[in-house]
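# Descriptive analysis of the structure
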Amino acid sequence: MSIDLHDASPDPGARCPLCEDMRQHRLVEEIPNRVLREILAADWGIRIPEAIALRNAPEAACRLLECSSCGLRFFARAKAGDAGYYGALSVAAKYYTPTRWEFGWVKRRLQPGASILDVGCGPGKFLSEIAAVASRAVGLETNASVVEDACRNGLEVYLGELGTFAPENAGKFDVACAFHVLEHVEAPVAFLRSLASCVRPGGTVYLSVPNRERSEKAPVEPLDCPPHHLHRWGSEQLRVVGRISGIPLREIAFEPVDIRVPRDRLRAAVTRSLGRIPFAGDFFSLWTGRFLWRLILSPPLWKLYCRRGILERMGYFGHSVLAAFSCPE
Ligand SMILES: [Zn+2]
């Protein structure tokens, strides 16, 4: 595998999809599309037919830029994958996540009897989870076979795009959600405005994205690249999309990191430090590592760290970051 890294980006005319800045953006990395296809086949068992791959990613490599104004990382001139591309992806059994951390986070904040819209609902896992709480739970999805399955399971899911659904459903919902959708759309500001237009004044919009600061990620993740993901977000860019859209941000929440990540890193650091002590180092590093694991990372303290946001302040993040927006009254 070869990944070329450059210091500066000569990519004239690349427009930031969030703030529309067209100044020269910093080149973060350039990833050959051939490498992405090879990893997709090896790790996910997904083989994109040649014609579909070339249609969706015609260039030899995709170029990740960082906006010099808002900090969004985006792939230059990337287009969203077409129906053929998503048809090839969705045959992989693990493409649709069974559940997400944000499903529970949002569910705990729903008022009983609320009407809820879930855009990009997939097979409707979130709709099923909230069915008992909501007065109406509606899904919108662009994958026809997934919509059929969801309807067969008794869920109210429609096939279509938000751009056409929103004008016909203005103000009809108390809450609208889009989990891991924003990073797929070519115009994130227009998307948030459309989503918010489906919500009554004073209602809530929830958006979640993969957190680019997450602690666990592979050096190259094909599904975090075009034509699947068009940009990479941090919490700051969720603030920006609210500001530009005119939809006030109420809260940002981070998915807690898996306990094994800080545990392993902490143990490795302690072992490294104590191992430098002649003779006694090996003995102390082993037992101090175990002692620290049991004491500092005990389950009750772990819950406290998550509640107080201590792990985020230490730079440990789970997979998702979520923003709650309040629609103006
Ligand atoms: Zn920007």
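Residues numbered from 1 in each chain as written. Predicted model: local features only at pLDDT ≥ 70, side-chain atom pairs only at ≥ 80, totals over all residues. Heavy atoms only, no water.

In terms of helices and strands, the protein chain carries 13 helices and 11 strands. For the protein chain, the C-alpha radius of gyration of 22 Å lies close to 20 Å, the compact-globule estimate for 329 residues. Judged by the C-alpha coordinates and their principal axes, the protein chain covers about 75 × 50 × 40 Å. Residues counted as buried form 49% of the 329 residues belonging to the protein chain. (Helix = DSSP H or I, 4+ residues; strand = E, 2+ residues; numbered from the N terminus. Rg over C-alpha atoms; globule rule 2.2 N^0.38 Å. Buried < 20%, exposed > 50% of the residue type's maximum accessible area, 1.4 Å probe, protein only.)

Take the coordination of the zinc ion next. For the zinc ion, the full set of protein donor atoms is Cys16 (SG), Cys19 (SG), Cys67 (SG) and Cys70 (SG), and the range of their distances to it is 2.3 Å. What the 4 donor atoms of the zinc ion show is an angle range of 102 to 119° at the metal, which sorts the shape as tetrahedral. Counting residues between consecutive donors of the zinc ion along the chain gives the motif C-x2-C-x47-C-x2-C. Judged by relative accessible area, cysteine 16 falls into the buried class, the value being 1%. (Donors = N, O, S within 2.8 Å, 3.2 Å for Na, K, Ca; no water. Tetrahedral: all angles 85-135°; square planar, octahedral: opposite > 155°, others 65-115°.)

Listed in full, the buried residues belonging to helix α6 (residues 144-152) are Val146, Val147 and Ala150. Looking straight down α6, one finds that the buried residues subtend no more than 100° of arc, so they occupy a single side. Where α6 terminates, the next one or two residues include glycine 154, which has phi positive at roughly 85°. (Arc of directions from axis to C-beta.)

In terms of nonpolar packing, the biggest core is built from 43 residues, with Leu18, Phe191, Leu195, Val205 and Leu207 touching the most fellow members. Elements with a contribution of two residues or more to this core: β4 (115-119), β5 (136-141), α7 (162-168), β7 (173-179), α8 (188-197), β8 (199-210), α9 (235-245) and β11 (320-326). The leading source of residues in this core is α8, at 5 residues. Grouped together as the second largest cluster of nonpolar side chains are 24 residues, Ala114, Ile130, Val157 and Tyr206 included. (Core = buried A, V, L, I, M, F, W, Y, C linked by side-chain atoms within 4.5 Å.)

With that settled, the discussion passes to the sheet that holds strand β6 (residues 156-159). Strand order in this open sheet of 7 strands is β6-β5-β4-β7-β8-β11-β10, and the pairing throughout is mixed. In the strand order of this sheet, the two ends are held by β6 and β10 (249-254), each with one partner. Averaged over all pairs of adjacent strands, the angle between their axes in this sheet comes to 15°, without regard to strand direction. As defined by bridge partners, β4 adjoins β5 across 5 bridges and the pair is classed as parallel. Paired with serine 115 across the strands is arginine 136, a residue of β5. Lying over the sheet, α6 contacts β5 and β6, oriented at roughly 160° with respect to β6. (Pairing = 2+ DSSP bridges. Axes fitted to C-alpha atoms, helices over the stretch in contact; angles between N-to-C directions. Contact = heavy atoms within 4.5 Å.)

Here the amide bond leading from proline 226 into proline 227 is cis, since omega sits at 0°, within 30 degrees of zero. Note that proline 227 resides in the loop between β8 and β9 (231-232). Even without being glycine, arginine 77 reaches a positive phi, approximately 55°. By relative accessible area, arginine 77 is classed as exposed at 51%. One non-glycine residue, histidine 180, lies in positive phi territory at about 55°.

This part covers the environment of glutamine 24. Mapping glutamine 24 onto the fold places it in the segment before β1 (26-32). What makes glutamine 24 exposed here is its relative accessible area of 58%. In this structure, the C-alpha to C-alpha distance between glutamine 24 and cysteine 121, residues 97 residues apart in sequence, is 36 Å.

You can read the domains of the protein chain as domain 1 (101-215 + 237-255 + 320-326) and domain 2 (260-313). Of note, the centres of domain 1 and domain 2, computed from C-alpha atoms alone, are 38 Å apart. (Domains from an automatic or database assignment.)

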